[in-house]
Amino acid sequence: IWAIIHDITERKRSQEDLARSEEKYRQLHQSMMDGFSNIDMKGRYVEFNDSFLDMLGYSPEELRQVEFRKITPEKWHKFEDTVIREQLFGRGYSDVYEKEYIRKDGTVFPVELRAVLLRDKQGKPVSIWAIIRDITERKREAERRARSEETYRLIAENVTDVIALL
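Residue numbering note: each chain is counted from 1, following its sequence as written. Given that this is a predicted model, residues contribute local features only at a pLDDT of at least 70 and side-chain atom pairs are listed and counted only at 80 or more, while totals for whole chains, interfaces and linings are drawn from all residues. Note: side-chain values were computed over all heavy atoms of the structure, leaving out hydrogens and water.

Some points on the pattern of salt bridges
Basically, it comes down to this: We count a salt bridge whenever a side-chain nitrogen from Lys or Arg sits within 4 Å of a carboxyl oxygen from Asp or Glu. Note on conventions: DSSP H or I runs of at least 4 residues are helices, E runs of at least 2 residues are strands, and numbering of each starts at the N terminus. Buried, partly exposed and exposed residues are distinguished by accessible area as a fraction of the type maximum, computed with a 1.4 Å probe on protein chains only: under 20%, between the cut-offs, and over 50%, respectively.
Tallied over the full model, the rule gives 14 salt bridges. When the shortest N-O distance is used, the salt bridge between E100 and K75 registers 3.2 Å. Of the two residues, E100 sits in strand β3 (residues 97–102) while K75 sits in the loop between α3 (60–64) and α4 (77–91), which places them 25 residues apart along the sequence. Residue class for K75 comes out exposed when judged on its relative accessible area of 62%. Between E112 and R138 there is a salt bridge; the shortest N-O distance is 2.7 Å. In this pair, E112 is assigned in strand β4 (residues 108–119) and R138 in helix α5 (residues 136–165), connecting sequence segments 26 residues apart. Judged by relative accessible area, R138 falls into the partly exposed class, the value being 44%.

Written out as structure tokens, the structure reads:
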């Protein structure tokens with residue numbers, strides 16, 4: 001009887017380490033409060049988290065059929081083309097910027113996002129990661145604050161007229 005025996009302890013340990021790492025990445029990805037998306041260079045969503053799906057109202061199957069421009073109002077296309085050309089392709093990432101998205105039901109809402117260009121080993125662009133935050137409440141609060149400040153400004157400017165009338 002002939003036998004060849006290989007010690008596969010290291011291979012098993014490496015497989016377990018990889019499985020733990022993948023689980024940690026999956027948990028991080030799904031537990032994020034902000035939306036995460038990964039689009040390919042054709043503009044199709046290939047990866048995203050539940051927060052992004054909830055934000056937009058699409059099912060995973062539906063979102064995979066959507067080109068990223070479809071969820072962006074047309075008034076933002078030229079601006080975003082500039083960000084992609086100058087920032088993403090220029091330096092590999094974008095500044096945080098604001099724009100709007102369109103939900104599946106057609107409602108438009110404000111978001112801020114930052115994108116990162118991923119490249120393969122030869123330096124060829126392969127996809128774009130983005131972290132997206134719904135800023136609807138922040139925008140509403142800013143509008144409330146601006147209206148309140150305007151009201152107080154008008155009162156302050158006209159207080160002498162009120163006193164004179166009294």
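After that view, the rundown keeps rolling.
With respect to the side chain of E100
How we decide: In the analysis that follows, any N or O atom pair within 3.5 Å is treated as a polar contact, provided that within protein one partner can donate a hydrogen and the other can accept it, and provided that, for residues neighboring in sequence, both atoms belong to side chains. Contacts are assigned to residue pairs that have any heavy atoms within 4.5 Å of one another.
At a separation of 3.2 Å, a polar atom in the side chain of E100 contacts the side chain of K75. A polar atom in the side chain of E100 sits 3.0 Å from the side chain of W76. Each residue touching E100, except ones within four places of it in the same chain, is listed here: I71, T72, P73, K75, W76, V108, F109, P110 and V111.

Considerations on the packing of aromatic side chains
We apply this condition: In summary, the pairing rule links any two rings of Phe, Tyr or Trp, Trp by its six-membered ring, whose centres are within 6.5 Å, and it sorts them by plane angle into stacked for under 30 degrees, edge-to-face for over 60 and tilted for everything else. By the criterion adopted, a ring carries a charge over it if an Arg CZ or a Lys NZ lies within 6 Å of its centre and within 35 degrees of its normal.
Counted under the stated rule, the structure contains six aromatic pairs. Ring geometry for F52 versus Y101: centroids 6.1 Å apart, planes at 70°, classification edge-to-face. With F52 in helix α2 (residues 50–56) and Y101 in strand β3, this pair connects stretches of sequence that are 49 residues apart. We note that F52, like Y101, is buried. Ring pairing ties together the aromatic residues Y45, F52, Y101 and F109, which thus form one cluster. Above the face of the F109 ring, R103 is positioned so that its terminal group lies 3.9 Å from the ring centre.

Description of the environment of V66
Inspection of the secondary structure assignment puts V66 in the loop between α3 and α4. Residue V66 is classed as buried on the basis of its relative accessible area of 3%.

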